[in-house]
Amino acid sequence: MLLLMLLSKSLFLSDPSSSCDTPANIEDRIAMTVIHTIEEAEALNAKLASLDLAGRLAFVAGLGGRAVFTTSLGIEDQVITAEIGNHRLPIDVVTLQTGRLFPETLALIDETESQYDIKISRYEPEQADIDAYAAKYGLNGFYESVEARHACCGVRKLKPLARALNGATIWITGLRRGQSNNRADTPFAEYDAERHLLKVNPLADWDIDVIKAYVADNSVPVNPLHARGYPSIGCEPCTRAIKPGEPERAGRWWWEQDEKRECGLHVAEEASAIPAAQ
């Protein structure tokens, strides 16, 4: 059994006033803990590769600590939610209610809660942060520059995500290798150095056809926008239907030229500083 002694607990077990905790000693302990956690992630990655989806989620749920699944209500996330709900797994399900989601996505939150008898916790941006963003860039300033778009994602996604993951030891996502070239090497488990936790991607090796077959076989509720040409669905102003032959995520921030564009949830990106909500 893996012993998940993550940074949030393991770095500060000794007395903070102890003379042994010199800066050099603290740096050594941080380095050793990071190495240990990376090794755990590698071992977990190998273990999960040998299991099916139900086995992966059950194994992770049994590791101890707070496990959090962040869902965007996309088709792959609905598969994970179905497994969590059907097997009553002790995994918190949360979503980032950015304030700019499609009505169809908002309706699906309620439908999913009802079907699986679960609670999907909503994490929203702070109004003070939204106001500060609008004062600097304009409400829809994300169309004008990459900097402004990153800043918007920072306010509406990254800061709420930080609150959602507060106290978590494991972060579960719906990342798949087939979603984009940027995600082609997605592992089943990895160490998230920025957030100091283990990140688990139980659908890493599932392709879209397997996803669709699971949904059909298990009557999983999905966003009706998928049938209208939206394989990847984010905020309404930043998502369009894709054209035939385009990658799954081509409709996200389509006005930008960078093929590796992300919001920063899974790939670190710079975001312009916006004053924090007080």
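Residues numbered from 1 in each chain as written. Predicted model: local features only at pLDDT ≥ 70, side-chain atom pairs only at ≥ 80, totals over all residues. Heavy atoms only, no water.

Description of the overall build of the protein
- When its secondary structure is counted, the protein shows eight helices and six strands.
- Moving toward the C terminus, one meets the helices and strands of the protein in the order α-α-α-β-α-β-α-β-α-α-β-β-β-α.
- Per-residue burial for the protein yields a buried fraction of 49% across its 278 residues.
- Of the roughly 13500 Å² of accessible surface on the protein, 54% is carried by carbon and sulfur atoms. (Helix = DSSP H or I, 4+ residues; strand = E, 2+ residues; numbered from the N terminus. Buried < 20%, exposed > 50% of the residue type's maximum accessible area, 1.4 Å probe, protein only. Areas by Shrake-Rupley, 256 points an atom, 1.4 Å probe, with all protein chains shown as cover.)

Remarks on the environment of Glu39
- The topology assignment puts Glu39 in helix H2 (residues 23-49).
- Considering only alpha carbons, one finds Glu39 and Glu190, 151 residues apart in sequence, at a separation of 9.4 Å.

Considerations on the pattern of salt bridges
- All told, the structure shown has twelve salt bridges when counted by the stated rule.
- Between Arg56 and Asp205 there is a salt bridge, with the nearest N and O atoms lying 3.0 Å from each other. In this pair, Arg56 is assigned in helix H3 (residues 53-61) and Asp205 in the loop between strand S6 (197-200) and helix H8 (208-218), connecting sequence segments 149 residues apart.
- Notably, a salt bridge pairs Glu113 with Arg122, separated by 2.7 Å at the nearest N-O pair.
- You can call Glu113 buried: its relative accessible area is 14%. (Salt bridge = Lys/Arg side-chain N within 4 Å of Asp/Glu carboxyl O.)

Topic: the side chain of Glu83
- Checked against the element boundaries, Glu83 lands in helix H4 (residues 75-86).
- Despite its burial, Glu83 remains without a salt bridge, the nearest opposite charge being carried by Arg56 at 11 Å.
- Aside from chain neighbours lying at most four places away, what touches Glu83 is Leu53, Ala54, Leu57, Leu89 and Tyr214. (Lys, Arg positive; Asp, Glu negative; His and termini not counted. Contact = heavy atoms within 4.5 Å.)

Some thoughts on the state of the cysteines
- Within the structure shown, the criterion is met by zero disulfides.
- Cys152 takes part in no disulfide bond, and the closest cysteine sulfur, belonging to Cys153, lies 6.0 Å away.
- Looking at Cys238, it has no disulfide partner, and the nearest cysteine sulfur is the one in Cys235, 5.7 Å off. (Disulfide = S-S within 2.5 Å.)

Examining the packing of H4 against helix H5 (residues 103-116)
- Following both chains from N to C, one finds H4 and H5 inclined at 30°, their axes separated by 9 Å at the closest point. By the angle between their directions, the pair H4 and H5 is classed as roughly parallel. Crossing of H4 against H5: the hand is right-handed. Between H4, through Gln78, Thr81, Ala82, Gly85 and Asn86, and H5, the contact on the second element is made entirely by Leu108, Thr112 and Tyr116.
- Grouping the constituent residues of the contact of H4 with H5 by class yields three nonpolar, five polar and no charged. (Axes fitted to C-alpha atoms, helices over the stretch in contact; angles between N-to-C directions. Parallel < 35°, antiparallel > 145°, perpendicular 65-115°, else oblique. Left-handed = near helix turned anticlockwise from the far one by under 90°. Nonpolar A, V, L, I, M, F, W, Y, C, P; charged D, E, K, R; others polar.)

Quick look at the sheet that holds strand S5 (residues 189-192)
- As summarised here, the arrangement of the six strands in space is S3-S2-S1-S4-S6-S5, forming an open sheet in which the pairing is mixed. Edge positions in the sheet fall to strand S3 (120-123) and S5, since each has one partner strand and no second. Looking at each pair of strands side by side, their axes are set apart by 30° on average, direction ignored.
- Here strand S4 (residues 170-172) pairs with S6 via three bridges, running parallel. Opposite Trp171, over in S6, you have Lys199 as the bridge partner.
- Contacts from H5 reach strand S2 (92-96) and S3, with the element oriented near 155° to S3. (Pairing = 2+ DSSP bridges.)

Quick notes on the pairing of S3
- One ladder, built from four bridges, connects S2 with S3; its direction is parallel. Following the sheet pairing, Leu96 is matched in S3 by Tyr123.
- Regarding the hand of the β-α-β motif, the stretch spanning S2, H5 and S3 is right-handed. (Right-handed = clockwise from strand over helix to strand, strands pointing away.)

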